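Chain by chain, the residues:
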Amino acid sequence: QLQLVESGGGLVQPGGSLRLSCAASGFTLDYYAIGWFRQAPGKEREGVSCISSTDGSTYYADSKKGRFTISRDNAKNTVYLQMNSLKPEDTAVYYCAANPYRCTEYASRFDSWGQGTQVTVSS
């Protein structure tokens, strides 16, 4: 059974930073594209970032580019999302998900999902 577990969320002040982790078990993560998504109360789930399983190419939503960085550590079977200069509008539950093919903005193409980690940006 494929399993992903997110961690690293919490409460942070505007302008602060958090590093989210997505740890995989039951499969070798480096064979999958890994995406980060988020969902705020009353809003639709949206893509945040994705890292390719092939050449390590990274993708970011326009509003996140320059503030967020996705990375992969195959030795630890973990993908990270470094979030800097956080804003109140970044508040959401953040999920990681695995895609056996390639990065895509469509959440339906991802097969396995973690339970999510809450990120709250507030003064």
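In what follows, the structure referred to is the one given above.
Residues numbered from 1 in each chain as written. Predicted model: local features only at pLDDT ≥ 70, side-chain atom pairs only at ≥ 80, totals over all residues. Heavy atoms only, no water.

Engineer: I'm lost on the layout of surface pockets in this one. Help?
Structural biologist: Here the idea is plain: a probe the size of a water molecule rolls over the atoms and shows the empty space left. Approximately 190 Å³ is the volume attributed to the largest pocket. What lines the largest pocket is a set of 13 residues, and nearest its centre among them are S49, C50, Y59, T104 and E105. At the level of secondary structure, the elements contributing two or more residues to the lining of the largest pocket comprise β4 (33-39), β5 (46-51) and β6 (58-60). It is β5 that contributes the most residues to the lining of the largest pocket, four residues altogether. When the residues that make up the lining of the largest pocket are grouped by side-chain class, the tally is eight nonpolar, four polar and one charged. (1 Å grid on protein atoms, 1.4 Å probe; cavity = no way out; pocket = protein on both sides within 12 Å on 5 of 7 lines; lining within 4 Å. Points joined across faces, edges and corners; volume = space filled by probe spheres on them. Helix = DSSP H or I, 4+ residues; strand = E, 2+ residues; numbered from the N terminus. Nonpolar A, V, L, I, M, F, W, Y, C, P; charged D, E, K, R; others polar.)

Engineer: I'm lost on the packing of aromatic side chains in this one. Help?
Structural biologist: For any two aromatic rings, the description comes down to two numbers: the centre-to-centre distance and the angle of the planes. If you walk through the whole model with that rule in mind, you get five aromatic pairs. Measuring from ring centre to ring centre gives 5.1 Å for F37 and F110, while their planes differ by 80 degrees; the resulting arrangement is edge-to-face. Within this pair, whereas F37 is found in strand β4, its partner F110 is found in the loop between β9 (92-99) and β10 (112-113), the two being separated by 73 residues in sequence. By relative accessible area, which is 4% here, F110 ends up buried. Members of the aromatic cluster, joined through ring pairs, are F37, Y95, F110 and W113. The side chain of R19 reaches across the aromatic face of Y80, ending 3.8 Å from its centre. Note that R45 overlies the ring of W113, its terminal NZ or CZ placed 4.4 Å from the centroid. (Phe/Tyr/Trp six-rings, centres within 6.5 Å; stacked < 30°, edge-to-face > 60°. Buried < 20%, exposed > 50% of the residue type's maximum accessible area, 1.4 Å probe, protein only. Lys NZ or Arg CZ within 6 Å of the ring centre and 35° of its normal.)

Engineer: Mind showing me how you'd approach the state of the cysteines here?
Structural biologist: A covalent bond between the sulfur atoms of two cysteines is referred to as a disulfide. According to the stated counting rule, one finds two disulfides in the structure shown. Here C22 connects covalently by a disulfide to C96, the sulfurs 2.1 Å from one another. Residues C22 and C96 share a disulfide whose torsion about the S-S bond is about 75 degrees; that sign makes it right-handed. Taken together, the residues C22 in strand β3 (residues 18-25) and C96 in strand β9 connect sequence positions 74 residues apart. (Disulfide = S-S within 2.5 Å.)

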